[in-house]
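The lines below spell out each chain.
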Amino acid sequence: MAGKEAIAKRAAEDLEPFSIINLGIGVPTLVANYLDKDSYYLHTENGMLGVTSVEEVEVDPLLVNAGKLPVGEAVGASYFHSADSFAMIRGGHVDVAILGALQVDAAGRVANWAVPGKDIIGVGGAMDLLVGAKKIMITTNHVSKDGSPKIVDACTYPVTSTRKADVIITDLAVFRWIDDGYVLTELRGEATLQEIAEKTTAAYRVSEELAAKGDPT
Amino acid sequence: MAGKEAIAKRAAEDLEPFSIINLGIGVPTLVANYLDKDSYYLHTENGMLGVTSVEEVEVDPLLVNAGKLPVGEAVGASYFHSADSFAMIRGGHVDVAILGALQVDAAGRVANWAVPGKDIIGVGGAMDLLVGAKKIMITTNHVSKDGSPKIVDACTYPVTSTRKADVIITDLAVFRWIDDGYVLTELRGEATLQEIAEKTTAAYRVSEELAAKGDPT
Amino acid sequence: MRVQKHIPVQQAVENVRSGDTIMVGGFGLVGSPLTLIDALTHRDVTDLTIISNNVGETGKGLGILLQQGKLKKAIGSYFTSNREVAQWYNEGKLELELLPQGTFAEAIRAGGAGIGGFYTKTAVGTELAAGKETREIEGETYLLEKPLKADVAFVRAEKADTKGNLVYYKTARNFNPVMASAASYVVAEVDDIVNEGELDPEAIATPHLFVDALVQSRYVLTKEGVVDRGR
Amino acid sequence: MRVQKHIPVQQAVENVRSGDTIMVGGFGLVGSPLTLIDALTHRDVTDLTIISNNVGETGKGLGILLQQGKLKKAIGSYFTSNREVAQWYNEGKLELELLPQGTFAEAIRAGGAGIGGFYTKTAVGTELAAGKETREIEGETYLLEKPLKADVAFVRAEKADTKGNLVYYKTARNFNPVMASAASYVVAEVDDIVNEGELDPEAIATPHLFVDALVQSRYVLTKEGVVDRGR
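Residues numbered from 1 in each chain as written. Chains lettered and ligands numbered in written order. Predicted model: local features only at pLDDT ≥ 70, side-chain atom pairs only at ≥ 80, totals over all residues. Heavy atoms only, no water.

Novice: How should I be thinking about the overall build of chain C in this particular structure?
Specialist: Of the regular secondary structure elements, chain C holds six helices and 13 strands. Relative to its length of 231 residues, chain C is compact, with a C-alpha radius of gyration of 18 Å against a globular reference of 17 Å. Counting only C-alpha atoms, chain C reaches 55 × 40 × 35 Å along its principal axes. Counting every position in chain C, which comprises 231 residues, the buried fraction comes to 63%. Within chain C, contacts between residues at least 6 apart in sequence are counted, and of these 71% link residues at least 24 apart. (Helix = DSSP H or I, 4+ residues; strand = E, 2+ residues; numbered from the N terminus. Rg over C-alpha atoms; globule rule 2.2 N^0.38 Å. Buried < 20%, exposed > 50% of the residue type's maximum accessible area, 1.4 Å probe, protein only. Contact = heavy atoms within 4.5 Å.)

Novice: Explanation requested: the interface of chain C and chain B in the structure shown.
Specialist: Where the parts come together, the accessible area they lose is often given as the size of the interface. Listed per partner, the contact involves 43 residues of chain C and 38 residues of chain B. Where Lys170(C) meets Glu73(B), a salt bridge forms, and the shortest distance between an N and an O atom there is 2.6 Å. In this structure, the connection of chain C to chain B is made through 17 residue pairs in polar contact (both at pLDDT 80 or more). Those elements giving two or more residues to the side of chain C that touches chain B turn out to be helix H4 (83-90), strand E4 (95-98), helix H5 (101-113), helix H6 (176-180) and strand E12 (219-222) of chain C. Among the elements that take part in the side of chain C that touches chain B, H5(C) stands out by supplying six residues, more than any other. Counted by class, the side of chain C that touches chain B contains 19 nonpolar, 17 polar and seven charged residues. (Salt bridge = Lys/Arg side-chain N within 4 Å of Asp/Glu carboxyl O. Polar contact = N/O pair within 3.5 Å; in protein donor to acceptor, adjacent residues only side chain to side chain. Nonpolar A, V, L, I, M, F, W, Y, C, P; charged D, E, K, R; others polar.)

Novice: Can you help me understand helix H3 (residues 82-90) of chain B in this one?
Specialist: Given 3.6 residues per helical turn, the α-helix brings residues three or four places apart onto the same face. Residue and element names in this part refer to chain B. Of all nine residues that make up H3, eight are buried, and the element is covered over most of its length. For H3, every residue scored as buried is listed here: Ser82, Ala83, Ser85, Phe86, Ala87, Met88, Ile89 and Arg90. Where H3 ends, the next residue or the one after it, glycine 92, has phi of about 85°, a positive value.

Novice: Explain the interface of chain A and chain D here, please?
Specialist: Between chain A and chain D, the contact holds 38 residues from the first and 43 residues from the second. Across the chain A to chain D interface the summed buried area is about 3,400 Å²; carbon plus sulfur atoms make up 64%. Summed over the three residues of chain A that lose the most area to chain D, namely Leu62(A), Lys68(A) and Ile121(A), the buried surface amounts to 22% of that side. The tally of links between chain A and chain D comes to 17 residue pairs in polar contact (both at pLDDT 80 or more). Looking at the side of chain A that touches chain D, the elements with two or more residues in it are strand E4 (72-79), helix H3 (82-90) and helix H4 (126-132) of chain A. The greatest single-element share of the side of chain A that touches chain D, amounting to four residues, is contributed by H3(A). Residues of the side of chain A that touches chain D, tallied by class, amount to 20 nonpolar, ten polar and eight charged. (Buried area = accessible area lost by both parts, 1.4 Å probe.)

Novice: Teacher, can you tell me more about the pairing of strand E6 (residues 134-137) of chain D here?
Specialist: Looking down a regular strand, the side chains alternate between one sheet face and the other. All names here are of chain D. Alignment of E6 against strand E7 (residues 140-145), held across four bridges, turns out to be antiparallel. Across the sheet, residue glutamate 136 finds its bridge partner in E7, namely threonine 141. Hairpin connection of E6 to E7: two residues between the antiparallel strands, including glutamate 138 at a positive phi of 45°. (Pairing = 2+ DSSP bridges.)

Novice: Can you walk me through the packing of aromatic side chains in this structure?
Specialist: Aromatic rings considered in pairs are described by the distance between their centres and by the relative angle of their planes. Summed over the entire model, instances satisfying the criterion amount to nine aromatic pairs over all chains. Seen from their ring centres, Tyr119(C) and Tyr119(D) are 5.8 Å apart, and the 55° between their planes marks the pair as tilted. Here Tyr119(C) is found in strand E5 (residues 117-120), whereas its partner Tyr119(D) is found in strand E5 (residues 117-120) on a different chain. For the pair Tyr119(C) and Tyr119(D), a shared accessibility class is recorded, and that class is buried. Geometry around Trp88(C) places Lys93(C) over its ring, the cationic atom sitting 4.2 Å from the centre. (Phe/Tyr/Trp six-rings, centres within 6.5 Å; stacked < 30°, edge-to-face > 60°. Lys NZ or Arg CZ within 6 Å of the ring centre and 35° of its normal.)

Novice: Got a minute to help me understand the sheet that holds E7(D) in this structure?
Specialist: Note: strands within a sheet are paired through backbone hydrogen bonds, in either parallel or antiparallel orientation. If you walk across this open sheet you meet the six strands as E6(C)-E7(C)-E5(C)-E5(D)-E7(D)-E6(D), and the pairing is antiparallel. Edge positions in the sheet fall to strand E6 (134-137) of chain C together with E6 of chain D, since each has one partner strand and no second. For this sheet, the mean inter-axis angle between neighbouring strands, taken without regard to orientation, is 30°. Of the strand pairs in this sheet, E5(D) and E7(D) are connected by three bridges, and their pairing is antiparallel. The partner of Phe118(D) across the bridge, within E7(D), is Glu145(D). Where H5(C) meets the sheet, its contacts fall on E5 and strand E7 (140-145) of chain C, and the angle it forms with E5(C) comes to roughly 155°. (Axes fitted to C-alpha atoms, helices over the stretch in contact; angles between N-to-C directions.)

Novice: Looking at this structure, how should I read the side chain of Asp60(A)?
Specialist: Positionally, Asp60(A) belongs in the loop between strand E3 (48-52) and E4. Lys170(D) provides the closest opposite charge to the buried, unpaired Asp60(A), separated from it by 5.3 Å. One polar contact links the side chain of Asp60(A) to the main-chain amide nitrogen of Leu62(A), over a distance of 2.9 Å. At 2.4 Å, the side chain of Asp60(A) forms a polar contact with the side chain of Tyr169(D). With sequence-adjacent residues up to four places away left out, Asp60(A) is seen in contact with Tyr169(D) and Lys170(D). (Lys, Arg positive; Asp, Glu negative; His and termini not counted.)

Structure follows, in structure tokens:
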């Protein structure tokens, strides 16, 4: 299973059945492939509750998700306009928003909408989701393509919100915000505590369970 | 024709075909009886566009106007919730609101929701309609039951809005707001200029046409 | 595994606590959740704040809760339809907060939509503007109004599907959809519960994410008044 | 005597003047009034301000108006879907106002609903809050956002009845209903015009009071892209 798929699958396992979930563009979209469509309710901010994946033959060009990708319609789905859709988001009616990130910092802030030096010309629904969803789950590779850490002390990219992300799921680890900071609660695949420490510049705690186990020496 | 019916009929004659009209409680409700249901669109703030009158046999207890009186449904009617309904009103999408009044004053202000000394416990949609409708038409008896003028210098009853009424239609006269005050533009029935002057304490002008004609002597 | 939203009405009202703020749908008795209100009359709770356009009618709907002395405060736009409201208010046994109906509806929508406040021209220069902050916007005066939220919302719809999607019937819709969006625990009283997939996805007025529980209606408004149709 | 709302598309776009602000529905090309936009490309107008989530795609939809140099400014939430937008912006030939998508949608609703401004937590503490007024409400920081209104709105619906009531199709609904409420002159491009009475009164998403004119769609979005289906 490729890295992105593995992250999406792990994210899916973290979700409560029957919760209302909004999937951002990129890796989060893949999460849908690992959810039983009868037990999870997918919301998309362009105006639909009850998103499913769709077979190529059934593609309807007027039925898309927030990434403008074709989707299907679950039994019991509904449609609404954009202001009503964001009323749901901002009003706290979406249980979990799963979003990608360029960076997440030790204060829990997410940067995922703009790159310094590049034109800031698109934000979409990211800021609304970060403010409004009851729980924020970030799915991302642990490091960027050039190898630099994405979980950092303080975001150098423009932040999307001052509200903290609750869970970060990467190809190497799972962090959860507990009390006043992130706790490394899970190593994924072959990752070691040592590797996470090297690839993470944000301060974080290690869960008692992981600390007790330690790394293979 | 009784006084109230005559006022309602005159009000109906003043309306442009195909306009969107909201009828207040009381005399305004009667206006519907004088409108061709295919040429006027009646809005009621409890959530419907396309109100018609209804025969007793067809009464539906869940289909009512803002006065909680049974109404019928025009072809091409639609229903919406209260926040959407008042968005239409406040947003300027209703062409004419026809309302009753306790008093209207020389500044065009309407008092129609509360009586001094009595408990102020109901306002309904009156304030929203007065602020939002493109045109305000007041239908009322010229004087109150005790004979005191209702078109007064300054309201002594609590005002419903600071926005002026555009037209006042009474059993005796029609006044229109032109430039900076009311102009008496029409005498109704047997009314004379003398009678209107005696029964109106607000300052007003008399239209050139009426002034030229004068009263029978 | 299934989420079973359809529950007995007694269970639905168990979630109400003394001191709670409760939104109750309906325009008078039209579209009012009469079965839930009836069940609430049998609960031993006090000091309720009711957010509803009216306090029912005298001895009907919410008017019963008033007579039982369960209400501490009512927030709405037209209390005149229940003459007892003024009496309780004058005796100092009921607080009232009166809002223009459009401001009332918009405040509930704002509560459900995560809006912290909004500016409206409605009521500017009237007694209902007393104590409210004003602001000039493009040469006109506006009032700042606050959102309304509740612990519990009791709404009434015509039909629900088993997921909790709701459709309404004619002018019985009124405040119900916005109230369904603005409370922590939302119960919809419905005349029919149909299978999922039976409601037109384009016509669902309240998507299921707003609805925590469904109860079957027992009391219905007919031409002859409120009728107990049993269950 | 009848109000004839169905008019030729050329007549509908005659109402656009240079310098106008125009709302255009659609999420990318989904639910975008492609026929009205095409007709506008044949009008000699300049300095338009477009309020739309995107500026179409490169050379498609609103992207054509951009290429023609007709746009002075664009207000939306996601311009990234048309790479040429950044280029025009950097060359100083296009002004941009970027809003979070929820704030954008709510501002349009506010414009149509007579709301003078509203407070939202969205974008607090970000670069998009620059220059905006903040306010503490119950211990949290909110931004003041202003309503959006337009001279003209071009929206797309699936069906209209002859009165101008509209119903939409799946996620082609998006911004269209709120935009239909927020402009002085509103034209709806539709795939079908049916007789009045043929639309379910409970399912009408845009009541006819919002709609000034109807035009028949010619350009439709298919799996193969935008197709001219003639007329």
